[in-house]
Amino acid sequence: MRVQDHIVLSTIAAAALYPVLRRKVVVPWAASLLIDVDHYAWYTFAHGGLNPLEAVRYFNQAQPEQHAGTRRLHSPGALAGLAVAGLFWKPLRLVLYGFLFHVGIDLFHAQRSAQARRLTLERDQRTCRRCGRADETVVAHIWRQPKIMPSYRLENLVSLCGPCHEVAHAERLRFD
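Quick caveat, the model's predicted, so the values are computed rather than measured.

J.: Honestly, the nonpolar core in this entry has me stumped. Any pointers?
T.: As a rule of thumb, soluble globular proteins bury nonpolar side chains together. Ranked by internal contacts, the top residues of the largest apolar core, which has 13 residues, are Cys128, Leu160, Cys161 and Cys164. Among the secondary structure elements, those contributing two or more residues to this core are helix H6 (91-123), strand E2 (157-160) and helix H7 (162-171). Ranked by the residues each element gives to this core, the list is headed by E2, at three residues. Setting aside residues up to four positions removed in sequence, Cys161 forms contacts with Cys128, Cys131, Arg133, Thr137 and Val138. Core analysis: the next-biggest nonpolar cluster, separate from the first, contains nine residues, Ala31, Leu79, Phe99 and Val103 among them.

Here's what the structure looks like:
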């Protein structure tokens, strides 16, 4: 899920929790956003660059490398460690709640995206809608996405082969 979507959802959740947590709501809100620092840390280590905009560009490319290092803080081990530490130091529980909210959003998004992608490939008979290629590189590409909050509507997805998918990300092509 995109950074701006996490910001919106985390802010809505924090606003809903404000009557209960008051000023402490800042802790889970910030934690739900800062958990993604693992992506940036991995990018910095793997690519040697400190530019956060370059990191965002990297993760927004068509097929960015998937590496366990990009999700260290999202892992069950990290969450369990934080839960255990929260037993001894109560403020860490608020950090854990923020992390869990973020991971929950990611899991929901992954499930809905996978379903939309599967249905798109079925609809398009696993054939690139741009060049007609039908091979194992064909993937479902989101060609139209609202500025805020993801859409899982099939009319916003199109099947593209690997090379056309790279072009679509490079040029931000629209397929009507």
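So, next bit.
J.: Would you explain the packing of helix H1 (residues 3-21) against H6 in this entry?
T.: Each pair of packed helices can be summarised by the angle the axes make with each other and by the distance between the axes. In the contact formed by H1 and H6, the axes pass within 11 Å of each other and the chain directions differ by 140°. Comparing the axis directions of H1 and H6 gives the class oblique. Remark: the crossing between H1 and H6 carries right-handed chirality. Taking contact as the criterion, the partners of His6, Leu9, Ser10, Ala13 and Leu21 in H1 are, on H6, Leu94, Phe101, His102, Ile105 and Asp106. Split into classes, the residues belonging to the contact of H1 with H6 amount to six nonpolar, three polar and one charged.

Calculation rules
Residues numbered from 1 in each chain as written. Predicted model: local features only at pLDDT ≥ 70, side-chain atom pairs only at ≥ 80, totals over all residues. Heavy atoms only, no water. Core = buried A, V, L, I, M, F, W, Y, C linked by side-chain atoms within 4.5 Å. Buried < 20%, exposed > 50% of the residue type's maximum accessible area, 1.4 Å probe, protein only. Helix = DSSP H or I, 4+ residues; strand = E, 2+ residues; numbered from the N terminus. Contact = heavy atoms within 4.5 Å. Axes fitted to C-alpha atoms, helices over the stretch in contact; angles between N-to-C directions. Parallel < 35°, antiparallel > 145°, perpendicular 65-115°, else oblique. Left-handed = near helix turned anticlockwise from the far one by under 90°. Nonpolar A, V, L, I, M, F, W, Y, C, P; charged D, E, K, R; others polar.

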